Amino acid sequence: MGGTAYSETLPMCSYNPQLFIGSRRIRQPAAMTGAEISELHRSCGNYTAIVDEIVRMEKKVFPKHESLATTFHQALAKNNSGLIFAHLDGEVAGYVMYCCPSSLSGAVTKLAVKEKYRRRGYGEKLLKAAIEKCRTRNIHLISLHVDPTRNPALNLYKKLGFRIDSLIEQYYSHGRDAYRMCLDFDIGA
């Protein structure tokens, strides 16, 4: 995969400075100074506020038929799923959802960064954190789907070692395909 390994424990639920629960910060690149990356857990006192903000972002970032906004709580309640979010200046800047449906494979199901926080390294930091969470479970392969026309996303995934596995026609909707991309830890290891 290359790059820096991020094996530090993520703080939990440290979204609001007044409700700070986690105390461990992850090393941040200069572009992300002041941002905090945290893992969301149901036991978090501000869980509902964080999820509500992410649902609002989900509605803005993704077309209605691609959004999990109406089923977000159910998606988070599934076993072996998780959500990591970046927060800055009292708001959620971005998030990544992942799941590990088997003992050998994981999937990144959502990655989104608010427009005003894009191109600052948040997407990369979030994706690296999700990859590391999957690696701690001894996952051998992580997959994701991406629109072939979303070049910034494609470039990020390739930078972190994902390779195009296949083209899935009409994955998103009629006329909108997706690449299935995989990060295989057994290749080149």
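Look up: the structure comes first, before these words.
None of these values were measured; they are calculated from a predicted model.

Basis of the calculations
- Residues numbered from 1 in each chain as written.
- Predicted model: local features only at pLDDT ≥ 70, side-chain atom pairs only at ≥ 80, totals over all residues.
- Heavy atoms only, no water.
- Pairing = 2+ DSSP bridges.
- Helix = DSSP H or I, 4+ residues; strand = E, 2+ residues; numbered from the N terminus.
- Axes fitted to C-alpha atoms, helices over the stretch in contact; angles between N-to-C directions.
- Salt bridge = Lys/Arg side-chain N within 4 Å of Asp/Glu carboxyl O.
- Buried < 20%, exposed > 50% of the residue type's maximum accessible area, 1.4 Å probe, protein only.

Caption draft 1: Molecular detail of the sheet that holds strand β4 (residues 105-113). As summarised here, the arrangement of the seven strands in space is β1-β2-β3-β4-β5-β7-β6, forming an open sheet in which the pairing is mixed. Unpaired on one side and paired on the other, β1 (36-39) and β6 (163-173) mark the two borders of the sheet. Across the sheet, the mean angle from the axis of one strand to that of its neighbour is 25°, orientation sign disregarded. Strand direction decides the pairing type here: β6 and strand β7 (residues 176-184), joined by six bridges, are antiparallel. Bridge assignment links Ser166 to a residue of β7, and that residue is Arg180.

Caption draft 2: A look at the pattern of salt bridges. Taken as a whole and assessed by the stated rule, the structure comprises nine salt bridges. Across the pair Glu91 and Lys116 runs a salt bridge whose closest N-O atoms are separated by 2.7 Å. Remark: Lys116 occurs in the loop between β4 and α3 (122-135) and Glu91 occurs in strand β3 (residues 91-99); sequence separation between them is 25 residues. Classification of Glu91 as buried rests on a relative accessible area of 16%. Ionic pairing is found between Asp165 and Arg180, a salt bridge with its closest N-O pair at 2.8 Å. Remark: Arg180 occurs in strand β7 and Asp165 occurs in strand β6; sequence separation between them is 15 residues. When salt bridges with common partners are traced through the structure, they connect Glu53, Glu91, Lys114 and Lys116 into a single cluster.

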